[in-house]
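As a plain string of letters, each chain reads:
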2 protein chains.
Amino acid sequence: MVKIVNLEEIKNILQMINPIEIIEEGFIAYSKGKVTVPPVGEMVFDDPPGECHIKYGFIKDDDYFVIKVATGFYENHKINLPAFDGLMLLFSQKTGQLLSVLLDNGHLTNIRTASAGAIAAKYMAPKNVRRIGVFGAGTHGRLQPIYLQKVLNCKDIITWGINQEELEVYKKDMKELGFNVQTTQEPEDITSTCNLIVTCTPSKEPLIFVDQIKEGTHITALGSDTPEKQEIDSAILKKADRLIVDSVEQCLLRGESFKALQNKMIKKEKMIELGDMIINKDLQRQTDDEITVVDLTGVAVQDIQISKAIWEAP
Amino acid sequence: MVKIVNLEEIKNILQMINPIEIIEEGFIAYSKGKVTVPPVGEMVFDDPPGECHIKYGFIKDDDYFVIKVATGFYENHKINLPAFDGLMLLFSQKTGQLLSVLLDNGHLTNIRTASAGAIAAKYMAPKNVRRIGVFGAGTHGRLQPIYLQKVLNCKDIITWGINQEELEVYKKDMKELGFNVQTTQEPEDITSTCNLIVTCTPSKEPLIFVDQIKEGTHITALGSDTPEKQEIDSAILKKADRLIVDSVEQCLLRGESFKALQNKMIKKEKMIELGDMIINKDLQRQTDDEITVVDLTGVAVQDIQISKAIWEAP
């Protein structure tokens, strides 16, 4: 029997599990070359404009394989529908049987991304995080402070956004979750007071620059996942003592590292893969003075692992 | 709300609808160049050996798009599981929303193939079908006589198979469905008495040869869908007065036509596409003396249309 899991059930299961460990295992398997990820399937529609991506893959010798479908129809707001939809399909790698249909409407993609941000901080953030600086008051600007609590203790956050109204709602919501929240429209307010910064915007221009970054700062760049998007000045990647990327192969083509390579600010050799860093202490932050950057673009192995985590939950 | 439809419900709906019309529409749209079918996604597994195919596409300006997942794990019989599994996903082309998950275990693929066989006979079989000859006593050897009843009246069938035991079970089952059934292990018994022949085997060697084929015979070759498989001698395609293929593009690379091209028995120009034939009477059988062949390899638009038929059923 195929197990159909709806969004409400998925959210309930997520409260009972910690996906971080299983996603860490995924990154390790990926960096060891154990993950097969075929090219993304794509359909593009004109009227109304929309797209559908099919991402799929498996860890060799694992029990499962996963197919994720994600759609984006950007004019849906006109008819009061969310822009995004999608689901994940979990199959047995031993029999080909469909095991589970996860009707997550894209939520699990958000959670696996939030988990990657937490993993980045777990190994690369300074020992004592004074205050968390967040760029973006959207889904990930909300999820990051929450998921970071799984790896560190810091309830003080300051969040940057463009829209004052959105920031007010954000502040109210996050306070209800127990955070001490400030909001700002000045990036400097964040760089001058935070030693852990997470960027979660769809920006195509840098929001922060190298002169603003203090010693001992860690930055997780979560927003840029295309060749066009950029949130942090490429000179920051040049200055950084360590640059970690979720996938070297993918970050050569998209994200902050791609921009820095294009701007000749870094060489490919500077990029260390997240899975390699997790298993090698020498690649992790060594002192509280280092400036470190983790560049996340999203890897299919995260989808594989989060689906497994839901399926295997008791 | 996503509508989940299980196999039993799908079978019930199939009894109430006639998928032939909507699949005909699909073939017409395909031949008019209105169907977008991106490359098939594929995963291959070693231990145990298995594969997964992801087929997807849409008719331009239609309301839907469809993603079909099919798995084949050929050692599943060792653990008493079927070799095949899969599902179809129906989305709105206007909003990207997932509309329906059709948990068909591959059944709809069988039905859309059986429907194509019926469409082939509808336009190409001689006016009076004396007796239906079937090669293969498997799923399609059973479905073809049933689906052919939707387009012609002939309850007399003779079915060829290798395995006598399988043929006995077949005979019993088909008699219960109201057919007059003979079985044979001699292909000549079929070619000498039938003017409608359907081949439904996974053979890699021709089962029937040009000298055996009488005037006025129609053959639908259903089994070969790869570059390796072949059920009918290529000289039959050469002799045929008309050769119809479900997809010219695809039949240049697989199926009976591919074999005949490779054997230099036909030229590409002889191949007429099914959708073109449906809308042009001049391309259909003209007299009861003609020898005609329809070569079916399976086209994604059939999956799109059968999913729609299930979704739109009252």
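Predicted model only: the values in this text are computed from it and were never measured.

Caption draft 1: Region of the structure containing the pattern of salt bridges. One pass over the full model with this rule turns up 18 salt bridges over all chains. Put simply, Lys78(B) and Glu75(B) hold a salt bridge, and the shortest N to O gap is 3.5 Å. On the basis of relative accessible area, Lys78(B) is assigned to the exposed category, the value being 58%. Assessed through its relative accessible area of 32%, Glu75(B) is described here as partly exposed. Among the charged side chains, a salt-bridge network with shared partners connects Lys68(A), Arg112(A) and Asp303(A).

Caption draft 2: Geometry of the domain arrangement of chain A. Residue and element names in this part refer to chain A. In terms of domain boundaries, chain A breaks down into domain 1 (3-108 + 301-312) and domain 2 (114-299). Here the C-alpha centre of domain 2 lies 24 Å away from the C-alpha centre of domain 1. Domain 1 puts 13 residues into the contact, and the matching count from domain 2 is 20 residues. The contact between domain 1 and domain 2 buries some 1500 Å² in all, and 63% of this surface belongs to carbon and sulfur atoms. On inspection of domain 1 and its partner domain 2, the count reaches 1 salt bridge. For the pair domain 1 and domain 2, the number of links is 8 residue pairs in polar contact (both at pLDDT 80 or more). Where the side of domain 1 that touches domain 2 is concerned, the elements lending two or more residues are helix 2 (19-31) and helix 11 (300-312). Looking at the side of domain 1 that touches domain 2 element by element, the count peaks at 8 residues for helix 2.

Caption draft 3: Main features of the interface of chain A and chain B. Counting residues at the interface gives 37 residues for chain A and 37 residues for chain B. Summed over both sides, the interface between chain A and chain B buries roughly 2900 Å², with carbon and sulfur atoms accounting for 74% of that surface. Scanning the region where chain A abuts chain B turns up 0 salt bridges. Linking chain A with chain B are 6 residue pairs in polar contact (both at pLDDT 80 or more), by the criterion used here. Looking at the side of chain A that touches chain B residue by residue, the class counts come to 24 nonpolar, 9 polar and 4 charged.

Caption draft 4: Spotlight on unusual backbone geometry. Omega for the peptide link from Asp47(A) to Pro48(A) comes to -5°, which places this bond in the cis form. Assignment of secondary structure puts Pro48(A) in the loop between strand 3 (41-45) and strand 4 (50-59). Its identity is not glycine, yet Lys264(A) carries a phi of approximately 55°, on the positive side. Examined against the element boundaries, Lys264(A) turns out to sit in the loop between helix 9 (255-262) and strand 14 (271-273). With phi around 65°, Asp61(B) is a residue other than glycine that occupies positive phi space. Looking at the element boundaries, Asp61(B) is found in the loop between strand 4 (50-59) and strand 5 (64-72).

Parameters and conventions
- Residues numbered from 1 in each chain as written.
- Chains lettered and ligands numbered in written order.
- Predicted model: local features only at pLDDT ≥ 70, side-chain atom pairs only at ≥ 80, totals over all residues.
- Heavy atoms only, no water.
- Salt bridge = Lys/Arg side-chain N within 4 Å of Asp/Glu carboxyl O.
- Buried < 20%, exposed > 50% of the residue type's maximum accessible area, 1.4 Å probe, protein only.
- Domains from an automatic or database assignment.
- Contact = heavy atoms within 4.5 Å.
- Buried area = accessible area lost by both parts, 1.4 Å probe.
- Polar contact = N/O pair within 3.5 Å; in protein donor to acceptor, adjacent residues only side chain to side chain.
- Helix = DSSP H or I, 4+ residues; strand = E, 2+ residues; numbered from the N terminus.
- Nonpolar A, V, L, I, M, F, W, Y, C, P; charged D, E, K, R; others polar.

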